[in-house]
Amino acid sequence: MAKFNIAVLPGDGIGPEVVEQAVQVINTVGEKYGHEFVIKEGLLGGCAIDSTGEPLPQETLDLCKSCDAVLLGAVGGEKWDSLPGNKRPEAGLLGIRAGLGLYANLRPAVIYSALKGASPLRPDIVDAGVDIMVVRELTGGMYFGDKGRVQTENMGEAAFDTEKYSVYEVERIARLAFEAAMKRRKKLTSVDKANVLESSRLWREVVVRVSKNYPEVELSHMYVDNAAMQLVRNPKQFDVIVTSNMFGDILSDEASMITGSIGMLPSASLGEGSMGLYEPIHGSAPDIAGQDKANPLATILSVAMMMKYSFSLDAVSEAIESAVVRVLEKGYRTADISSPQTTQVVGTKEMGRLIVGEIKSN
Ligand code: NAD
């Protein structure tokens, strides 16, 4: 029997509601598959500010570092919006990613056949199937490069941001993306702007070099402008996409939105070794907090990613994902993904109970 320690940070707004359901799923798969998952709760975001004055208390960071993986709900809310940037709940998110050395963000974008109608894409494109994993470099590139303002002689004030990647940074994200592709359909598209940017030319060279260790993975390259277009024109062509921090920021949002349902989308942030932080991509949704309306599936699917990427429990991960598919196919929906046709609208707790029931009965 394997034992794993999981730091759970429910956060604010709907965070605690969706995390509660995800924890029930963790307990259920633990019992069913004979693994011991030890849950250790910590404070992050607005709730941490209220009780300690800091969005990321040292105690929380220490707790996360002592665990095998972290599950996060969501942080933020109006109450803390007027605080200075480094004291806001969102500063806790950046702090925890940096503190755990997480340099890769993985976001799957899947259109479930039961939810095809939610996609803004044409039915013939959606019918072909969409199942993409965007792997975004998280700690380098322009967001972290040299930046500043200067006075120029002829044109007055100017500002600059620098896109810089080292061989080391590209190698590690490329390896992680190839490993992800090995766990999927073994196709990797590296997205860059190598026709214009020197940093992209280095990126491409390094990705090609790393590919020699993964002969089973079919590698292709695409310019970012073309990738943005292809994602809506023919998303089926993609399996895993790997790209830089800034391109990934934009493309992962685009890929997410073609699925049409923010309450369904999980994510993983990974570093060296098997440590990972797993969270839904949505925020704390203050407009529906405390009303049993939040969709817990993005958080439950984040647990499925945790089982796969941090614990290598692929069968457990698949059991959670297929329970989600079956519950959707039976017509159950939370309000955010409901449609006038086939739907039985359920609340957060009931959706969690349905998923737990499906896992137990299969
Ligand atoms: P949001 O994602 O919280 O909400 C956007 C819309 O989607 C809202 O109408 C909300 O009701 C709906 N929604 C989101 N998640 C849902 C779910 N699981 N089920 C059903 N409906 C859902 O984004 P926002 O309104 O821009 O931000 C609200 C707060 O969340 C802000 O304080 C923001 O800073 C914070 N935020 C946190 C994170 C994070 O913790 N990772 C991410 C984004 C935003």
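See the structure above.
Residues numbered from 1 in each chain as written. Predicted model: local features only at pLDDT ≥ 70, side-chain atom pairs only at ≥ 80, totals over all residues. Heavy atoms only, no water.

Draft legend 1. Structural detail: the pattern of salt bridges. All chains considered together, the criterion is met by 22 salt bridges. Among the ionic pairs, R107 bridges to D253, the shortest N-O distance being 3.1 Å. Here R107, found in strand β4 (residues 104-110), pairs with D253, found in helix α9 (residues 245-257); they are 146 residues apart in sequence, far enough to count as distant. Across the pair R149 and E157 runs a salt bridge whose closest N-O atoms are separated by 3.4 Å. On the basis of relative accessibility, which here comes to 63%, the residue R149 falls in the exposed class. (Salt bridge = Lys/Arg side-chain N within 4 Å of Asp/Glu carboxyl O. Helix = DSSP H or I, 4+ residues; strand = E, 2+ residues; numbered from the N terminus. Buried < 20%, exposed > 50% of the residue type's maximum accessible area, 1.4 Å probe, protein only.)

Draft legend 2. Representation of empty space enclosed by the protein within the structure. Under the definition given, this model contains one cavity of 30 Å³ or more. What the largest cavity holds in volume is close to 40 Å³. E163, Y165, V191, D192, S199, S200, W203, S244 and F247 together form the lining of the largest cavity. Listing elements by their share of the lining of the largest cavity, those giving two or more residues are β8 (187-192) and α7 (198-211). Split by residue class, the lining of the largest cavity holds four nonpolar, three polar and two charged. (1 Å grid on protein atoms, 1.4 Å probe; cavity = no way out; pocket = protein on both sides within 12 Å on 5 of 7 lines; lining within 4 Å. Points joined across faces, edges and corners; volume = space filled by probe spheres on them. Nonpolar A, V, L, I, M, F, W, Y, C, P; charged D, E, K, R; others polar.)

Draft legend 3. Examining the site of the ligand more closely. Near the ligand, the surroundings consist of 20 residues, among which V75, E90, G283, A285 and N295 are the closest. In the model, an oxygen atom of the ligand is placed 2.4 Å from a nitrogen or oxygen of the E90 side chain. For the ligand, the accessible surface in isolation is 810 Å², of which the surrounding protein chains cover 68%. Residues belonging to the shell around the ligand are distributed by class as follows: nine nonpolar, seven polar and four charged. (Near = heavy atom within 4 Å. Polar contact = N/O pair within 3.5 Å; in protein donor to acceptor, adjacent residues only side chain to side chain. Areas by Shrake-Rupley, 256 points an atom, 1.4 Å probe, with all protein chains shown as cover.)

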